[in-house]
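# Coordinates in review
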Amino acid sequence: MKLEELGYNKKIEKYLKDNNLSDFETGRVIAEHRERYIVRTAIGDFHAEITGNMRFTAKDREDFPAVGDWVAVKTYDPDLAIIHKIVPRSSIIKRQAVGQYGDVQVIAANIDYAFLVQAVDRDFNINRLERYLTICNSSKVRPVILLSKSDLIDEKRISEVSELIKTRIRNVPVIAISNETKVGYDALKQVIKRGKTYCMLGSSGVGKSTLLNNLMGRTIMRTETISDSTNKGKHVTSHRELFMLENGAILIDNPGMREVGIADTEGGLETTFDMIVTLSKHCRFKNCTHTTESGCNVIEAVEKGDLDRNSYENYLRMQREKAYFETTVAERRRKEKIFGKIIKDYKKVIRKI
Ligand SMILES: Nc1nc2c(ncn2[C@@H]2O[C@H](COP(=O)(O)OP(=O)(O)OP(=O)(O)O)[C@@H](O)[C@H]2O)c(=O)[nH]1
Ligand SMILES: [Mg+2]
Ligand SMILES: [Zn+2]
């Protein structure tokens, strides 16, 4: 297969050349199963692992390969390869790692568009939608909101939901689809372009894999009915994988997410809540936190009804979460530094003996 079909471009080519990596095989990570990867190259698919050096020097999860990454590999057996280098990413979707303070989880790399999938019947939650948007906005990924399972509710409710989205989220396309009736598929297919990479994000059971299967025209990913009483929180898809659609687009299916912790460092919150940023220029204090200050233009806008109160509260919640995340990262780095020094001192002592 040609690498161009996987989204290969001149920028990647230039990087490999400038860094003397032309002797390596170039590939794209198409699947990840707990630090074991499948890399697709021009000469086939390989099971791959990273070099010991890459593991040793990795500071956090971002230094490990992720689905969607372009990598330089050395191939060995008919299907074995070692990943030597990750090509710098054009975008990276990440969230706070669940249960590991101060660390991130990389969801996918080199993504052009993210489909934020919510089932309109009961999964719909606008606060969570703003969370996903923040993740996209911190990662230079363009969002498209997909309201799935539209067959389960009536037209009136769909327009209500669309209107509600419009009051808080501007300039993001919203497409209502049904994987049952295929309503909305035409509009969706117009967004899916050759050579671009797409990633589906959303809770478990909203129909991500069903959509993938439908777009592929065959069952690639297992899907399952989730019954509320017996399988609460059960995830059907358990790994991330990249697929190539017939029209030449590339689509990544993900396991459903339960938590969407903000690990924003790139101003995603500011982009998502640009209205708050604009309003805050007229706050009395420059370092206004928009919580209790007098002369806060943001609070005033909420009180006047110019700014949606729920959206404002959601912003404050994520802002706090971000601040907390940043402190835990700093704390972790500090501890690592102390630990690093202990090792160094220890080595010095050993050498002297
Ligand atoms: N009525 C209706 N059911 C759907 C639709 N899309 C998916 N389903 C059903 O919802 C269930 C879950 O679908 P999946 O595609 O497995 O959901 P998923 O988002 O991939 O879930 P995870 O892999 O756990 O993240 C299946 O029983 C599907 O048949 C839809 O548009 N309408
Ligand atoms: Mg799935
Ligand atoms: Zn303020």
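Below is a summary of the structure that appears in this document.

About the cut-offs
- Residues numbered from 1 in each chain as written.
- Chains lettered and ligands numbered in written order.
- Predicted model: local features only at pLDDT ≥ 70, side-chain atom pairs only at ≥ 80, totals over all residues.
- Heavy atoms only, no water.
- Helix = DSSP H or I, 4+ residues; strand = E, 2+ residues; numbered from the N terminus.
- Rg over C-alpha atoms; globule rule 2.2 N^0.38 Å.
- Buried < 20%, exposed > 50% of the residue type's maximum accessible area, 1.4 Å probe, protein only.
- Contact = heavy atoms within 4.5 Å.
- Areas by Shrake-Rupley, 256 points an atom, 1.4 Å probe, with all protein chains shown as cover.
- Core = buried A, V, L, I, M, F, W, Y, C linked by side-chain atoms within 4.5 Å.
- Phe/Tyr/Trp six-rings, centres within 6.5 Å; stacked < 30°, edge-to-face > 60°.
- Lys NZ or Arg CZ within 6 Å of the ring centre and 35° of its normal.
- Donors = N, O, S within 2.8 Å, 3.2 Å for Na, K, Ca; no water.
- Near = heavy atom within 4 Å.
- Polar contact = N/O pair within 3.5 Å; in protein donor to acceptor, adjacent residues only side chain to side chain.
- Nonpolar A, V, L, I, M, F, W, Y, C, P; charged D, E, K, R; others polar.
- Salt bridge = Lys/Arg side-chain N within 4 Å of Asp/Glu carboxyl O.
- Lys, Arg positive; Asp, Glu negative; His and termini not counted.
- Patch = residues over 30% accessible without salt bridge, like charges linked within 9 Å, V, L, I, M, F, W, Y side chains within 5 Å.

Attention now moves to the overall build of the protein chain. Each helix and strand in the protein chain was counted, giving 10 helices and 13 strands. Its C-alpha atoms give the protein chain a radius of gyration of 23 Å, within 12% of the compact-globule value 20 Å for 353 residues. When the backbone C-alpha atoms are referred to their principal axes, the protein chain occupies close to 70 × 55 × 45 Å. Across the 353 residues that make up the protein chain, the buried fraction comes to 48%. Partitioning the contacts of the protein chain with sequence separation of at least 6, the portion at a separation of at least 24 is 65%. As presented, the protein chain carries roughly 19300 Å² of accessible surface, and 50% of it is formed by carbon and sulfur atoms.

Quick look at the nonpolar core now. Nonpolar side chains tend to gather and get buried jointly when the protein is soluble and globular. If you look at the biggest cluster of nonpolar residues, it comprises 75 residues, and the most contacted ones within it are I83, I93, L116, I165 and L201. Among the elements that line this core, the one with the most residues is helix 3 (residues 126-138), at 6 residues. With residues near it in sequence (within four places) discarded, I83 still touches Y37, V39, A48, E49, I50, T51, M54, P65, V71, A72 and V73. By size, the runner-up hydrophobic cluster in this structure holds 24 residues, among which are V117, I177, Y185 and Y198.

Each aromatic ring pair is described using two quantities: the centre-to-centre distance and the angle formed by the ring planes. Tallied over the entire structure, the rule returns 4 aromatic pairs. Note on Y113 and Y198: the rings are 5.1 Å apart at their centroids and 10° apart in plane angle, and the pair reads as stacked. Separated by 85 residues along the polypeptide, Y113 in strand 8 (residues 113-119) and Y198 in strand 11 (residues 197-202) bring together distant segments of the chain. The class for Y113 is buried, based on a relative accessible area of 7%. Taken together, the aromatic side chains of Y113, F115 and Y198 make up a single cluster linked through ring pairs. Directly above the ring of F64 sits R61, whose terminal nitrogen or CZ lies 4.4 Å from the centroid.

Attention now goes to the coordination of the zinc ion (ligand 3). Each protein donor to the zinc ion (ligand 3) is listed here as C283 (SG), C288 (SG), H290 (ND1) and C296 (SG); together their distances run 2.1 to 2.4 Å. For C283, a relative accessible area of 9% translates into the label buried. Of the residues examined, H290 reaches a relative accessible area of 8% and is grouped as buried.

On to the site of ligand 1. Taken together, 22 residues sit near ligand 1, with D151, N179, S204, T210 and T237 positioned nearest. One of the backbone nitrogen or oxygen atoms of G256 is found 2.8 Å away from an oxygen atom of ligand 1. Coverage of ligand 1 by the protein chains reaches 90% of its 660 Å² of free accessible surface. Of the residues that constitute the shell around ligand 1, the class distribution is 4 nonpolar, 13 polar and 5 charged.

Within the structure shown, the criterion is met by 19 salt bridges. E49 is the partner of R36 in a salt bridge, and the nearest nitrogen-oxygen pair spans 3.2 Å. Taken together, the residues span a long stretch of sequence, with R36 in strand 2 (residues 36-41) and E49 in strand 3 (residues 44-50) at a distance of 13 residues. For E49, a relative accessible area of 32% puts it in the partly exposed group. For R170, the salt bridge goes to D274, with nearest N and O atoms at 3.7 Å.

Let us now look at the environment of I38. Positionally, I38 belongs in strand 2. Note: C-alpha distance between I38 and K347 (309 residues apart in sequence) is 37 Å.

With that settled, the discussion passes to helix 6 (residues 208-216). With 7 of 9 residues buried, helix 6 lies mostly within the body of the structure. Within helix 6, the full set of buried residues consists of K208, S209, L211, L212, N213, L215 and M216. Positive phi appears at G217, one or two residues downstream of helix 6, with a value of about 80°.

By the secondary structure assignment, E32 is in strand 1 (residues 25-33). One buried charged residue, E32, forms no salt bridge at all, with the nearest opposite charge on R240 at 4.6 Å. Not counting the four nearest positions on each side in its chain, E32 is found in contact with Y37, P65, A66, V67, H239 and R240.

Next up on the list: a nonpolar patch on the surface. A contiguous nonpolar patch, built from I338, F339, I342 and I343 and spanning about 380 Å² of accessible area, is present on the exposed surface. For I342, the position within the fold is in helix 10 (residues 309-352).

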